[in-house]
Amino acid sequence: MQNFKLKALAAGILAVASVTAIAQTHEHSASCGYDILSNPLIKNIGKSRFDAAMLKKAAPLTDGAVRTASALVSSENFVDVIVYVHPTYIDDLSEPFRFDQSNKPIENGAQFMHNRVLEQFDKLNAALATNKVNALYRVAYIHLLDVELPEVGNTAALYDEFGEIAQCTTGDWLDFVPEFCNTPAYQAAYALYSQSGADTFHYLRSVRDSGSNIVGLGGFFSGSANYDDYAVSFKSMVTNGDDQWNIDKYLAQYGSITIHEVGHVLGANHPNEDFDGKGHQAHFCGELSAGSNFKKQTVMASGDTHLFFSDPAVEIQGEACGIAGVADNSDAVRTNAPLLASVADKVTISSSFEFTQNTMVVDSGSGQHSFRIQRTGDLTQPISVALMAVDNTAWELRDFNFGWQEVTFAAGETYADVKFTALERDGKHTDTQFAVKMMYASAGDISTEQMQVNIQSTNPPMIGSVSLAQSTYAVVENAGTVTLTINRSNGVDGDAVVSVKTRNNTAIAGTDYASVDTKLTLSDGQESATVTVNIINNSTYQGSRTFAVDIAPATEGLTSGTTTATVTITDDEVPPSTGGGSGSGDVDTGESSGGSFSFFITLLGLLVLTRRNFTNQFHNERH
């Protein structure tokens, strides 16, 4: 195997090729590190790609370094990147360290990997925008590149790994094809690189001890690598109980390595690499903290970073973060980024891809299943499609295994099958659901529709039924309260929430009782609960009156039995007497009886008088 060893590194970053380009009126050397450290083959690859871009798109050299250049990105200035991910990186991110409010693991393998790729590129593009670079990085395709990992502690093997990827996956072999490129893994990667029209590559895997603390590598106009230490560092931070401030700071800085290495791809250098005033250096800028003698640094330096390139137009605490022509690497980035965007063209194939079904139903723990993707249109070329699961109530690694999948359609092939596994889940659980979406295609158009997979529980929880213990209750007005019992039967798995409301009949809320409108929770395993209604005592006799208490299930799947109880309030006052002559000598009763008798005599007299008048009138009319 050909050896691409570098003897030493400046700040632990791989030296990149030396090449000359014209930007505005000054000349710069697009080198990182010292010439003696540069790898001749990678240097030639970078120059070859740079020259090809110059032929295709020389216009940016007339204005790419102009500091007032528009920050608007032309549709022609997207740097399409094929992201090579080592499969072990997904495995490393499948061990959960953090959990959300629903106790769902944040780390879930392929989905978390994809989020970290997008986060890297978002922060890189924010840095490009800050420096008014007329280009953006975007993902063209993500491919699992299962190559041999370097020996732990062997720095030279780490360089070999990066050198082989730079050559074999991009096809930049110059006059010969190295023997080590003739492997199925590299041949497949090169085919995808060519078909997707990638302008450059980004390699992503977990960090391993290389003996040099290297966390990233970059080659001029070739590609970049990022060795993410999340699986090691973050796990240690969580295990050791680090302060949240440190954890937040660690997460916020993610992406700075990518920005740094892309800076090398675009010709930016380290802060101590002057090259007679022609190097594109970074510049320390602003205090690290109040009163500190240390300076904050731009992304082309190590330490606490700002996510932008060194640029005199960017200020921190009133201090310009670059010196034009000397400690300024942003003009190289502005010049080369639009050029890099023109290196390759995507293969045009009028194919479309879609799921053959919208939904499917499987049982929990039922093992492996498959669904189909259909290809229509031009079938003459092989094309690859990448897919990813999207968690919903079903979670990757708990309810199913899907991972990051790539489906390759051979020439003439119309259908392809995609497999996943429905996992056995411990304990009782409800039905769950996840989705599958197409992420990227090496050519052609993918469907934006997602396919839903419903996983039926084979051990569903028995949430049961709720019912009022009685349909009628009676309470004396001066008792103060009445308590109703709600029973839960036919299962007590999980929490059961019940809505409880009172309703007027002849009793009036606020006058006879205090209204209730609440939700009552019966916890997992709880078989009964009570609700109390306050009864209002008054001094006026009103007789018996009633109100109703209604319950209703508020938890999905919870059923009900008796849902209404009628509560009768019995008055505690003595009703007024309606009879006469009780012989008790009660004065009030006697007056009441005498008054009634007088009224009766008066009424009888009026009737007699009325009859007499009518008789006289009739007699007079007859005569």
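Look above for the structure.
Throughout what follows, the structure given in this document is the object of discussion.

Conventions used here
- One numbering rule holds for all chains: residues counted from 1, following each sequence as written.
- In view of the model being predicted, local features appear only for residues whose pLDDT reaches at least 70, and side-chain atom pairs are presented and counted only at 80 or more, with totals across whole chains, interfaces and linings using the full set of residues.
- With hydrogens and water stripped out, all remaining heavy atoms of the structure feed into the side-chain values.
- Secondary structure elements are defined from DSSP: runs of H or I of at least 4 residues count as helices, runs of E of at least 2 residues count as strands, and each element is numbered from the N terminus.
- Under the convention used throughout, the expected extent of a helix is 1.5 Å for every residue step, that is, one less than its residue count.
- What counts as an axis is a line fitted to C-alpha atoms, over the stretch in contact for a helix, and the angles between N-to-C directions run from 0 to 180 degrees.
- An angle below 35 degrees is treated as roughly parallel, one above 145 as roughly antiparallel, one from 65 to 115 as roughly perpendicular, and anything else as oblique.
- Crossing handedness is defined as follows: a turn of the near helix away from the far one that is anticlockwise and smaller than a right angle gives a left-handed crossing, while the clockwise case is right-handed.
- Here a residue-residue contact requires only that any non-hydrogen atoms of the pair lie within 4.5 Å.
- Lys, Arg, Asp and Glu make up the charged group, whereas Ala, Val, Leu, Ile, Met, Phe, Trp, Tyr, Cys and Pro make up the nonpolar group; the residues left over, Gly among them, are polar.
- Paired strands, as defined in this entry, are two strands with at least two bridges between them according to DSSP.
- Only protein chains enter the area calculation, which uses a 1.4 Å probe; residues under 20% of their type maximum are buried, those over 50% are exposed, and those in between are partly exposed.
- Stacked, tilted and edge-to-face are the three classes applied to pairs of Phe, Tyr and Trp rings, where Trp contributes its six-membered ring and a pair requires centres within 6.5 Å; stacked means planes under 30 degrees apart, edge-to-face means over 60, and tilted covers the rest.
- Only when the NZ of Lys or the CZ of Arg is both within 6 Å of the ring centre and within 35 degrees of the ring normal is a charge said to sit over the ring.
- Two cysteine sulfur atoms form a disulfide, by the criterion used here, when they sit within 2.5 Å.
- Under this rule, positive means Lys or Arg and negative means Asp or Glu; His and the chain ends count for nothing.
- Any carboxyl oxygen of Asp or Glu within 4 Å of a side-chain nitrogen of Lys or Arg constitutes a salt bridge here.
- The term polar contact refers here to a pair of N or O atoms within 3.5 Å; inside protein, the definition further demands a hydrogen-donor-capable atom paired with an acceptor-capable atom, and it admits residues adjacent in sequence only when both atoms are side-chain atoms.

**Observations regarding helix α4 (residues 110–130)**
Working step 1: If you check α4, its first and last C-alpha atoms are 30 Å apart, about what 21 residues at 1.5 Å a residue would give, namely 30 Å.
Working step 2: Of the residues flanking the end of α4, it is Lys132, one or two places downstream, whose phi is positive at about 55 degrees.

**Some points on the packing of α4 against helix α9 (residues 256–265)**
Working step 1: Two elements in contact, α4 and α9, have axes whose closest approach is 8 Å; the angle formed by their N-to-C orientations is 55 degrees. As judged from the angle between their axes, α4 and α9 are oblique. By crossing handedness, the relation of α4 to α9 is classed as right-handed. Facing Gln120, Lys123, Leu124 and Ala127 of α4, the residues of α9 in contact are Thr258, Ile259 and Val262.
Working step 2: Counted by class, the contact of α4 with α9 contains 4 nonpolar, 2 polar and 1 charged residues.

**Examining the sheet that holds strand β28 (residues 564–570)**
The strands making up a sheet are joined through hydrogen bonds of the backbone, oriented either antiparallel or parallel.
Working step 1: With respect to topology, 5 strands assemble into an open sheet ordered β21-β28-β26-β23-β24, the strand pairing being mixed. Both outer strands of the open sheet, β21 (472–476) and β24 (517–522), are each paired with one neighbouring strand and no more. For this sheet, the mean angle separating the axes of adjacent strands, direction not counted, is 25 degrees.
Working step 2: The pairing of β21 with β28 spans 5 bridges and is parallel. Of the residues in β28, the one forming a bridge with Val476 is Thr570.

**A look at the pairing of strand β7 (residues 223–228)**
Working step 1: In terms of residue burial, β7 counts as a mostly covered element, since 6 of its 6 residues are buried.
Working step 2: Residues Gly223, Ala225 and Tyr227 of β7 are buried on one face, and the alternating residues Ser224, Asn226 and Asp228, pointing to the opposite face, are buried as well.
Working step 3: Summarising the sheet, strand β5 (residues 200–206) and β7 pair through 6 bridges and their orientation is parallel. Paired with Arg205 across the bridge in β7 is Tyr227.
Working step 4: Relative to β7, strand β6 (residues 216–219) runs antiparallel, the two sharing 4 bridges. Along β7, the bridge assignment pairs Gly218 with Ser224.
Working step 5: With antiparallel pairing between neighbouring strands as the criterion, β6 and β7 make up a hairpin whose turn holds 3 residues, including Phe221 at a positive phi of roughly 60 degrees.

**Description of the sheet that holds strand β10 (residues 351–355)**
Working step 1: The mixed open sheet is built from 5 strands, whose spatial order is β14-β16-β12-β10-β18. Each edge of the open sheet is held by one strand with a lone partner, namely β14 (400–401) and β18 (445–446).
Working step 2: Bridge count between β10 and β18: 2 bridges; the pairing is parallel. In the sheet register, Phe353 faces β18, and the bridge partner there is Ile446.

**Points about the packing of aromatic side chains**
Working step 1: Under the criterion given, the structure shown has 18 aromatic pairs.
Working step 2: Residues Tyr230 and Phe234 carry aromatic rings whose centres are separated by 4.9 Å and whose planes lie at 5 degrees to one another, so their mutual orientation is stacked. In this pair, Tyr230 and Phe234 are both assigned in helix α7 (residues 230–239), 4 residues apart and thus about one turn of the helix distant.
Working step 3: You can call Tyr230 buried: its relative accessible area is 0%.
Working step 4: For the ring pair Phe234 and Tyr250, a centre distance of 6.0 Å and an interplane angle of 40 degrees mean the geometry is tilted. Here Phe234 is found in helix α7, whereas its partner Tyr250 is found in helix α8 (residues 244–253), with 16 residues between them in sequence.
Working step 5: According to the relative accessible area criterion, Phe234 is buried, its value standing at 1%.
Working step 6: You can call Tyr250 buried: its relative accessible area is 19%.
Working step 7: An aromatic cluster of at least three residues, connected via ring pairs, comprises Phe97, Phe112, Tyr230, Phe234 and Tyr250.
Working step 8: Here Arg116 stacks its cationic end above the ring of Tyr254, 3.6 Å away from the centre of that ring.
Working step 9: If you follow Arg398 out to its NZ or CZ, it ends over the ring of Trp395, 3.7 Å from the centre.

**Points about the state of the cysteines**
Working step 1: One pass over the full model with this rule turns up 2 disulfides.
Working step 2: Sulfur-sulfur distance for the disulfide between Cys168 and Cys181 comes to 1.9 Å. Across the disulfide from Cys168 to Cys181, rotation about the S-S bond amounts to roughly -75 degrees, and the bridge is consequently left-handed. One end of the pair, Cys168, is in helix α5 (residues 155–168); the other, Cys181, is in the loop between α5 and α6 (184–196), and 13 residues separate them in sequence.

**Let's talk about unusual backbone geometry**
Working step 1: Its identity as a non-glycine residue notwithstanding, Asn103 has a phi of 65 degrees, on the positive side.
Working step 2: One can find Asn103 in the loop between α3 (87–92) and α4.
Working step 3: A relative accessible area of 52% places Asn103 in the exposed class.
Working step 4: Phi at Leu397 is positive, roughly 80 degrees, even though this residue is not glycine.
Working step 5: Position of Leu397 among the secondary structure elements: in the loop between β13 (383–390) and β14.
Working step 6: On the basis of relative accessibility, which here comes to 38%, the residue Leu397 falls in the partly exposed class.

**Comments concerning the side chain of Glu573**
Working step 1: Note on placement: Glu573 falls in the loop between β28 and α11 (587–622).
Working step 2: Buried and without a salt bridge, Glu573 has Arg545 as its closest oppositely charged side chain, separated by 6.2 Å.
Working step 3: The residues contacting Glu573, other than those within four sequence positions of it, are Glu477, Asn537, Asn538, Ser539, Thr540 and Tyr541.

**Observations concerning the pattern of salt bridges**
Working step 1: A full pass over the atoms with the stated rule returns 18 salt bridges.
Working step 2: In this structure, Lys104 engages Asp391 in a salt bridge whose closest nitrogen and oxygen atoms are separated by 2.9 Å. Taken together, the positions of Lys104 in the loop between α3 and α4 and Asp391 in the loop between β13 and β14 put the pair 287 residues apart, joining distant regions of the chain. Here Lys104 matches Asp391 in class, with each residue buried.
Working step 3: Two residues, Glu319 and Lys295, come together in a salt bridge whose shortest N-O distance is 3.4 Å. In this pair, Glu319 is assigned in strand β9 (residues 319–321) and Lys295 in the loop between α9 and β8 (311–316), connecting sequence segments 24 residues apart.

**What about the side chain of Asn131?**
Working step 1: By the element assignment, Asn131 lies in the loop between α4 and β4 (136–144).
Working step 2: Within the local environment of Asn131, its side chain forms a polar contact with the backbone nitrogen of Phe309, the two atoms lying 2.8 Å apart.
Working step 3: Among all residues touching Asn131, those that are not within four sequence positions of it are Phe308, Phe309, Asp311, Val314, Ser330 and Arg334.

These figures come from the coordinates and say nothing about function on their own.
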